[in-house]
Amino acid sequence: MARSRTALGEFLAGERQAWIFVIKCLLAFYLTAWLSMAFQLEQPSTAMITVCIVMHPHSGMVLAKSFYRAIGTLAGSLFAVLLMAVFAQQRELFLFSLSLWVGLCSGGAVRYRNFMGYGFVLAGYTASVVALPAVDNPYGVFDSAMLRVSEVMLGIIVAGLVSDTVLPERLRDTLNRSVREHYDHFIDFTRASLGGRMPRSEMERAHLRVVRAAVQLEDLRASVIFEDAEARARSSRMRLFNLRYMAATTSFQSLHHLIGRLHRHHHPRTAGALIRLCGPVADALSPSVRQSRAPRCLAARLAACDAEVVTLAANLRKELRQESALLLEFDSGTALVRRFVGELRDFVAITATLRDTRTRKVTQTERIRFKRANDRLAPLFAVLRTFLVMLSLSVFWLATAWPSATTAMLLATLFSGLLASSPSPVSATATTWVGFALGVVASYVVTFWLLPGSDGFLMLCLATLPFLLIGPYLSTRNATLPGVGAGYTLGFVLTLALKNPMVYHPERFINESIASLLGLMMTGAAFMAMPALVGTRWLRRRQLQQLRRQVTQAATAPLEGLLYGFESENRDLFHQIVQFTQPDSEESRSLLAWGLAVHDCGRTLIELRRDMRHADLPPPLVEAMQRAVATLAQLYDRPSAARWQRADHAVDQAIVLTTQALPWARGSCEPALAHLLQLRSALRDDESAIAPFIIGIAQAANTA
């Protein structure tokens with residue numbers, strides 16, 4: 001009974017949110033239509049389609065979509081005017097150039113994801129909307145551009161105002177809730193995990209959660225800045241929070257991998273000493289009932305914890321009394337623990353500033369930017385596919401002289417870009433086609449049965465309301481009916497074709513409906529002939545190679561801003577790869593293993609390069625370390641047993657030379673030695689993604 005009540009409560013809460021969204025959509029639709037007619041705009045349906053496209057339950061999403069749609073609309077209109085000025089009398093060259101522009105915009109939509117990609121879609125769509133109707137009247141292209149821009153801007157303004165003022169659902173609240181959830185989870189996970197060993201599978205799941213969290217936080221931050229002035233002021237701080245979150249999790253993973261390797265290599269005393277060394281950190285994260293668990297208090301406890309770790313490390317080192325090689329491993333682990341403590345303290349401290357509304361500025365020494373990872377072939381493939389679709393429809397138009405063929409081109413322009421980044425574009429096109437066809441049927445009933453007997457704007461609203469509300473409601477059911485709601489709304493509004501004044505034209509309605517459905521069918525056929533690369537095994541292999549090459553970036557790129565670029569690009573790239581794999585499959589486990597290996601090695605290389613830059617090291621040592629860095633980059637670029645052997649030898653040689661220089665240059669050599677030892681330990685990890693190449697070396701030695 002309690003479970004039934006909970007389920008009923010969740011259902012009613014979901015229905016409440018759905019109907020609030022429907023009411024806001026309808027209000028924006030009719031307000032846009034009324035203003036369009038009051039301002040004597042030529043096609044109110046264009047403004048209504050804009051509302052249909054940009055509306056979203058969260059006001060921040062509406063404003064973000066509106067911003068990029070406005071940019072795309074202006075860019076597309078400008079291109080249409082220039083294109084008509086150049087090829088006003090060469091229709092073939094005009095259509096060829098327009099098809100190429102739309103193809104390039106589709107490629108941009110694939111390369112630049114989220115709402116930035118959406119702006120590229122609208123740049124192609126607007127160019128077609130402005131230019132195609134003016135083919136027979138080149139002198140009217142400027143007026144057409146001004147009207148389309150006015151209609152689109154009106155739709156954007158109304159949608160933004162309605163979303164932001166009528167029962168607004170703030171994206172800021174979602175972002176703040178996500179920040180708190182990820183912070184609390186990481187602190188609890190760290191506190192529970194520092195006391196002992198952790199299975200590698202559990203660390204892989206934790207890594208996957210962190211990857212998804214980092215990408216989600218950046219996506220939310222990029223949208224919430226449009227709705228909230230306070231969020232814009234804290235945007236750089238939010239990025240810094242994400243950076244410190246990623247950095248702390250990478251150090252945490254490296255520490256646990258080191259402890260696990262020591263256990264597997266039969267060095268339990270050294271591993272146990274490192275676990276004991278983590279004790280003060282766990283204590284700092286576990287205040288008593290009387291003490292505050294606020295981030296600012298935890299940051300102070302972690303700051304005091306560092307000195308305690310140093311003292312405890314010295315005592316534990318005396319107790320070990322093992323051979324020098326194991327003492328060096330312990331020293332390496334100690335450096336990793338201290339790095340983790342410092343990064344965890346910084347993470348907790350930036351969380352405190354985010355929660356403190358009085359804090360306005362955070363000092364930072366380098367520009368922070370979440371770097372996205374993109375493959376080049378997928379956008380090029382989208383460019384070619386969309387170009388061929390548009391070119392085929394252009395040839396069809398020229399051959400048949402069917403006036404409504406331009407409508408087919410408009411629909412193909414829109415959905416070729418919108419669905420280019422979908423992992424299943426054929427299925428998405430099919431469901432959208434079904435929704436569009438249902439919208440056409442509803443539009444037919446309204447246009448030829450209800451509107452002819454109506455008079456005035458109020459009757460227009462009453463005649464269209466029962467049919468129009470179906471689309472927004474279906475849009476709230478995208479989890480079960482993806483694309484149907486958007487297709488229905490677009491089909492209804494597009495074929496209803498509200499004009500100023502309204503025209504009764506059955507032949508045009510039928511032609512436009514057939515052309516629209518044909519444009520969608522051509523888009524689906526293009527995706528069948530040239531399937532999207534997003535989510536394919538072939539693209540995942542390319543992305544995995546790109547992921548491994550992040551180690552090369554860590555080894556060669558300028559150090560300024562490299563840490564954040566490496567952490568963010570790795571996670572964005574890994575998120576793209578893993579979101580299309582079956583959870584707990586062999587492929588998923590292999591990808592997780594590579595993701596952890598790249599993070600571990602790449603981050604350590606960055607720290608080693610910082611040591612080489614800031615410490616006063618002898619030239620022979622610098623040369624040996626540079627050789628070790630280069631061979632590791634080559635290994636991850638193209639893994640093989642021979643390259644593993646060269647990398648292992650180069651790292652080992654750098655360790656020997658640094659150890660020899662340690663007695664008279666301890667202050668400068670000790671940090672670099674700790675990172676070299678971490679690299680060697682990771683290279684010889686028999687559970688990492690490099691393990692098959694280590695086995696190959698062992699087998700070759702046994703055969704010899």
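Residues numbered from 1 in each chain as written. Predicted model: local features only at pLDDT ≥ 70, side-chain atom pairs only at ≥ 80, totals over all residues. Heavy atoms only, no water.

Draft legend 1. View of the overall build of the protein chain. Tallying secondary structure elements over the protein chain gives 29 helices and zero strands in all. Reported as C-alpha extents along the three principal axes, the dimensions of the protein chain are approximately 95 × 60 × 50 Å. For the protein chain, contacts bridging at least 24 residues in sequence account for 80% of all contacts bridging at least 6. For the protein chain, the computed accessible surface area is about 30800 Å², with 61% contributed by carbon and sulfur atoms. If the 72 positive side-chain charges of the protein chain are averaged to one point and the 54 negative ones to another, these points end up 2 Å apart. (Helix = DSSP H or I, 4+ residues; strand = E, 2+ residues; numbered from the N terminus. Contact = heavy atoms within 4.5 Å. Areas by Shrake-Rupley, 256 points an atom, 1.4 Å probe, with all protein chains shown as cover. Lys, Arg positive; Asp, Glu negative; His and termini not counted. Charge placed at Lys NZ, Arg CZ, Asp CG, Glu CD.)

Draft legend 2. Expanded view of the nonpolar core. Ranked by size, the top nonpolar core spans 149 residues in total, and within it Val281, Leu344 and Val348 carry the most contacts. With twelve residues, the top contributor of residues to this core is helix 10 (residues 235-264). Not counting residues up to four positions away in its chain, the partners in contact with Leu344 are Phe186, Ile187, Thr190, Ala248, Val281, Leu285 and Leu302. Counting residues in hydrophobic clusters, the runner-up holds 58 residues, among them Ala593, Cys601, Ile655 and Leu673. (Core = buried A, V, L, I, M, F, W, Y, C linked by side-chain atoms within 4.5 Å. Buried < 20%, exposed > 50% of the residue type's maximum accessible area, 1.4 Å probe, protein only.)

Draft legend 3. Up close: the packing of aromatic side chains. Applying the stated criterion across every chain, the model contains 22 aromatic pairs. On the basis of an interplanar angle of 80° and a centroid distance of 5.1 Å, the ring pair of Phe67 and Tyr68 is categorised as edge-to-face. Here Phe67 falls in the partly exposed class, since its relative accessible area comes to 38%. Here Phe186 and Phe347 contribute two aromatic rings whose centre-to-centre distance is 5.8 Å and whose plane-to-plane angle is 80°, an arrangement assigned as edge-to-face. Taken together, the residues span a long stretch of sequence, with Phe186 in helix 7 (residues 171-193) and Phe347 in helix 14 (residues 324-355) at a distance of 161 residues. (Phe/Tyr/Trp six-rings, centres within 6.5 Å; stacked < 30°, edge-to-face > 60°.)

Draft legend 4. Representation of a nonpolar patch on the surface. Judged by side-chain polarity, Leu8, Phe11 and Leu12 come together as a nonpolar surface patch covering roughly 320 Å² of accessible area. Checked against the element boundaries, Leu12 lands in helix 1 (residues 2-38). We classify Leu12 as partly exposed; its relative accessible area is 49%. (Patch = residues over 30% accessible without salt bridge, like charges linked within 9 Å, V, L, I, M, F, W, Y side chains within 5 Å. Salt bridge = Lys/Arg side-chain N within 4 Å of Asp/Glu carboxyl O.)

Draft legend 5. Structural context of the packing of helix 10 against helix 24 (residues 562-578). Between helix 10 and helix 24, the shortest axis-to-axis distance is 10 Å and the interhelical angle comes to 80°. By the criterion of interaxial angle, the relationship of helix 10 to helix 24 is roughly perpendicular. For the pair helix 10 and helix 24, the contacting residues are Arg239, Asn242, Leu243, Met246, Ala247, Thr249 and Thr250 in the first and Leu563, Tyr564, Glu567, Ser568 and Arg571 in the second. (Axes fitted to C-alpha atoms, helices over the stretch in contact; angles between N-to-C directions. Parallel < 35°, antiparallel > 145°, perpendicular 65-115°, else oblique.)

Draft legend 6. Spotlight on the packing of helix 22 (residues 537-548) against helix 25 (residues 586-614). In the contact formed by helix 22 and helix 25, the axes pass within 10 Å of each other and the chain directions differ by 20°. With respect to their mutual orientation, helix 22 and helix 25 come out roughly parallel. Remark: the crossing between helix 22 and helix 25 carries left-handed chirality. On the side of helix 22, the interface is formed by Arg537, Arg540, Leu544, Leu547 and Arg548, while helix 25 contributes Glu587, Leu591, Trp594, Gly595 and Val598. Taken together, the residues of the contact of helix 22 with helix 25 sort by class into five nonpolar, one polar and four charged. (Left-handed = near helix turned anticlockwise from the far one by under 90°. Nonpolar A, V, L, I, M, F, W, Y, C, P; charged D, E, K, R; others polar.)

Draft legend 7. Main features of the pattern of salt bridges. Counted under the stated rule, the structure contains 34 salt bridges. As a salt-bridge pair, Glu343 and Arg603 come within 2.1 Å of each other at their nearest N and O atoms. Residue Glu343 is found in helix 14, and its partner Arg603 is found in helix 25; the two are separated by 260 residues along the sequence. Glu343 sits in the buried class, given a relative accessible area of 12%. Judged by its relative accessible area of 1%, Arg603 falls in the buried class. Among the charged side chains, a salt-bridge network with shared partners connects Arg261, Arg264, Asp600, Asp685, Asp686 and Glu687.

Draft legend 8. Fine view of the environment of Leu608. Here Leu608 shows up in helix 25. For Leu608, a relative accessible area of 0% gives the class buried. As a C-alpha pair, Leu608 and Gln626 span 18 residues in sequence and 9.6 Å in three-dimensional space. When residues no more than four places from it in sequence are discounted, the contact partners of Leu608 are Met625, Val629, Ala672, His675, Leu676 and Leu679.

Draft legend 9. A look at the environment of Arg269. Counting through the fold element by element, Arg269 comes out in helix 11 (residues 268-277). At 3.1 Å, the side chain of Arg269 and the backbone oxygen of Glu319 are in polar contact. From its side chain, Arg269 meets the backbone oxygen of Leu320 in a polar contact 3.1 Å long. (Polar contact = N/O pair within 3.5 Å; in protein donor to acceptor, adjacent residues only side chain to side chain.)

Draft legend 10. Representation of the side chain of Glu218 in the model. Looking at the secondary structure, you find Glu218 in helix 8 (residues 200-224). Contacts of Glu218, omitting those with residues within four sequence positions, involve Arg239, Asn242, Phe370 and Arg372.

Draft legend 11. Broad picture of the confidence of the model for the protein chain. Residue-level pLDDT values for the protein chain average 87, and 95% of them are 70 or greater. Mean pLDDT across the elements of the protein chain bottoms out in helix 29 (residues 691-703) (56) and peaks in helix 23 (residues 550-556) (95). Counted against residues more than four places away or in other chains, residues 696-704, with its pLDDT under 50, gives three contacts. (pLDDT = per-residue confidence, 0-100.)

Draft legend 12. Local environment of the side chain of Gln550. Mapping Gln550 onto the fold places it in helix 23. Leaving out residues up to four positions away in the same chain, Gln550 has contacts with Phe566, Glu569, Asn570, Leu573 and Val598.

Draft legend 13. Broad picture of the environment of Asn114. With respect to the secondary-structure elements, Asn114 resides in helix 5 (residues 114-131). Residue classification places Asn114 among the partly exposed residues on the basis of a relative accessible area of 45%. Residues Asn114 and Ile259 lie 145 residues apart in sequence; the distance between their C-alpha atoms is 39 Å. Excluding anything up to four places from it in sequence, Asn114 contacts Asp219 and Arg372.

Draft legend 14. A look at unusual backbone geometry. The backbone of Gln40 shows a phi angle near 60°, a positive value even though the residue is not glycine. Given the relative accessible area of 59%, Gln40 is considered exposed. One non-glycine residue, Ala497, lies in positive phi territory at about 50°. Inspection of the secondary structure puts Ala497 in the loop between helix 20 (484-496) and helix 21 (506-529). By relative accessible area, which is 12% here, Ala497 ends up buried.

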